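Spelled out, the chains give:
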Amino acid sequence: MEGARHLPFFAELAGLEDGDPAWRSVSAGLVVLRLVDAWIEEGAAAVAADGWGVRSVEAAIEEMPAGLPARAVLRTIVDAVKTSATSDMHAIAPRLMAYARALDLDAKWALAGDVYETVIAHVHPVEEADVAIAAHLRLAYCRRSVGALDEASRSYEAASAIARDVDDMFGILRAQIGAAKIAIARGNMPNAERLLDDTIARAAAREDLVEVHAMALQDRAVVALHRERYDLAVELAYASLELTRDPINRDRLLSDIAGAFYMLGVRSAARDAYLVLEATAQEQYQRWFASINLMEIAAREGSMPMFERYRRALATAALPPAVEAQFQLQAAESHEALAQLDDAADAAERARAIAERYGFNEIAFKAEDVRVRVQAGGTVAERVSEADMPENLKTIAATISEMRRLVRV
């Protein structure tokens, strides 16, 4: 049914005021998608110069705030449907993918997922396998980001099935990394480790799989973090960084390295990395997590003004479930470190409720641990001096310090 399409866009619009610049952007995206729907179903007549809605669609795009990357991308989609043969997705699909990616980077995962679903619905899984695989993988990421882990798992399985059909080893291993990410989110570290070690071994054997090798090393570093093998986590993440060219993955690696340094007790290196991420990360998701971790570092060092600055800013942000659950957990632990036990219990309960609703098992367990501790009277941690930098990690720490200096934060 027509009315049932693109529901995430209608839901987003319902929460915005007509005068909000974001309303214009979301509205423009919606009318472009509906134009694509009409072009697929009705043919060239839907996009004739005097046909269904083309002029109004172009006017809606022009009303978007200038300078938004999505504005130019939406223009190219309209241009492509006006000049392409009916239902020929070769020119349209890459432009839709670019639009979805722009939404993705702005943490509009429900909207991005809707666009990826549009691509999946209209590309041939064999003739356009590369696009279909990429769309399923990105859709899985969006679903995972909003806490829909079962749906994300199905999307990774769909990507893997298509990749196997066309003997695309890159796609197969990318989907396997996705399955490992689901295992990590559910707290199943042994399964994640098994999947990633297999991926690393298979990718390392082929020169054309350097990118997927880097991705697997990156997630293996995450597992090392969860396993409390922090030196190994820094080394794995740095090994991935040496292979990685994608700027978004480099941001994520820097975050992993920061987390490992923090757990080693080398807070200065962790702070340097998080400050760089807060200032420069391309994904809103990474900027949020950098702020969350800077909040916790401030609490652990007893800096109440800095802790409150970060906490209040995050408390008023529209965080998606996965980020909100992590924020509430780290706020609970930070309140506990500052001996604010009632506040710690409240934040722990919020973290637990969100985590149980969306299946973030590890966060739920940790939140319950905080709640039990503070209800028993709490155990306020002593201020701990910064740990010595391990000799084998000094070069990495110096590199991150120079990055902070260059971005002047």
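Being a predicted model, the structure only gives us computed values, none of them experimental.

Draft legend 1. Layout of the pattern of salt bridges. In the structure shown here, the tally under the stated rule is 31 salt bridges. Residue Glu193 pairs with Arg227 through a salt bridge whose shortest N-O separation is 3.1 Å. Here Glu193, found in helix α10 (residues 189-204), pairs with Arg227, found in the loop between α11 (210-226) and α12 (230-243); they are 34 residues apart in sequence, far enough to count as distant. We classify Glu193 as partly exposed; its relative accessible area is 22%. The closest approach of N and O atoms between Arg352 and Glu349, which form a salt bridge, is 2.3 Å. Separated by three residues within a single helix, Arg352 and Glu349 lie in helix α18 (residues 341-358), roughly one turn from each other.

Draft legend 2. Region of interest: the confidence of the model for the chain. Summary statistics for the chain give a mean pLDDT of 92 and a share of 96% for residues scoring 70 or more. Taken element by element, the chain is modelled with least confidence in helix α3 (residues 54-62), mean pLDDT 90, and with most confidence in helix α8 (residues 149-165), mean pLDDT 97.

Draft legend 3. Up close: helix α19 (residues 361-375). The end-to-end C-alpha distance of α19, which contains 15 residues, comes to 21 Å, matching closely the 21 Å that a straight helix rising 1.5 Å per residue would cover. Every buried residue belonging to α19 is among Ile363, Ala364, Ala367, Val370 and Val374, and all of these are buried. Projected onto a plane normal to the axis of α19, the buried residues spread over an arc of 125° and lie on a single side. Looking at the buried residues of α19, the elements they touch are α17 (321-337) and α18. Looking one or two residues past α19, Gly377 carries a phi angle of roughly 110°, positive in sign.

Draft legend 4. Examining the nonpolar core more closely. Phe9, Leu96, Tyr99 and Phe261 are the most contacted members of the largest nonpolar core, which totals 141 residues. In contact with Tyr99, other than residues within four places in its own chain, are Phe9, Ser25, Gly29, Ala70, Val73, Leu74, Ile77 and Val115.

Draft legend 5. Structural view of the environment of Asp346. Residue placement: Asp346 occurs in helix α18. Its relative accessible area of 44% is what places Asp346 among the partly exposed residues. In the structure, Asp346 is positioned 21 residues away from Ala325 in sequence and 13 Å away in space, judged by C-alpha atoms.

Draft legend 6. Spotlight on the packing of aromatic side chains. Applying the stated criterion to the full structure yields four aromatic pairs. Between Trp109 and Tyr141, the aromatic rings sit 6.5 Å apart at their centres with planes inclined by 85°, giving edge-to-face as the arrangement. Of this pair, Trp109 sits in helix α6 (residues 109-122) while Tyr141 is found in helix α7 (residues 129-145), placing the two residues 32 residues apart along the sequence. Assigned by exposure class, Trp109 and Tyr141 land together as buried. Where Tyr285 meets Phe289, the ring centres are 5.0 Å apart and the plane angle is 65°; that geometry is what we call edge-to-face. Of this pair, Tyr285 and Phe289 both sit in helix α15 (residues 284-300), four residues apart, which is roughly one turn of the helix. Classification of Tyr285 as partly exposed rests on a relative accessible area of 23%. Ring pairing ties together the aromatic residues Trp109, Tyr141, Tyr285 and Phe289, which thus form one cluster. The ring of Tyr141 carries the charged tip of Arg138 above its face, separated from the ring centre by 4.5 Å. Above the plane of the ring of Tyr310 lies Arg309, whose end atom (NZ or CZ) is 4.9 Å from the centre.

Draft legend 7. Quick peek at α17. The end-to-end C-alpha separation of α17 is 24 Å, in line with the 24 Å expected for 17 residues at 1.5 Å each. α17 sits mainly inside the fold: 17 of its 17 residues count as buried. Just downstream of α17, Ala339 is the residue with a positive phi angle, here 65°.

Draft legend 8. Focus on the packing of α15 against helix α16 (residues 304-315). Running from N to C, α15 and α16 cross one another at 150°; their axes reach a closest spacing of 8 Å. Overall, the two elements α15 and α16 adopt an arrangement that is roughly antiparallel. In this structure, the crossing between α15 and α16 has a hand that is left-handed. Where α15 approaches α16, its residues Trp288, Ser291, Ile292, Leu294, Met295, Ala298 and Ala299 are matched on the opposing element by Met306, Phe307, Tyr310, Arg311 and Leu314. Looking at the contact of α15 with α16, its residues break down into 10 nonpolar, one polar and one charged.

How each quantity is defined
- Residues numbered from 1 in each chain as written.
- Predicted model: local features only at pLDDT ≥ 70, side-chain atom pairs only at ≥ 80, totals over all residues.
- Heavy atoms only, no water.
- Salt bridge = Lys/Arg side-chain N within 4 Å of Asp/Glu carboxyl O.
- Helix = DSSP H or I, 4+ residues; strand = E, 2+ residues; numbered from the N terminus.
- Buried < 20%, exposed > 50% of the residue type's maximum accessible area, 1.4 Å probe, protein only.
- pLDDT = per-residue confidence, 0-100.
- Expected span 1.5 Å × (residues − 1).
- Arc of directions from axis to C-beta.
- Contact = heavy atoms within 4.5 Å.
- Core = buried A, V, L, I, M, F, W, Y, C linked by side-chain atoms within 4.5 Å.
- Phe/Tyr/Trp six-rings, centres within 6.5 Å; stacked < 30°, edge-to-face > 60°.
- Lys NZ or Arg CZ within 6 Å of the ring centre and 35° of its normal.
- Axes fitted to C-alpha atoms, helices over the stretch in contact; angles between N-to-C directions.
- Parallel < 35°, antiparallel > 145°, perpendicular 65-115°, else oblique.
- Left-handed = near helix turned anticlockwise from the far one by under 90°.
- Nonpolar A, V, L, I, M, F, W, Y, C, P; charged D, E, K, R; others polar.

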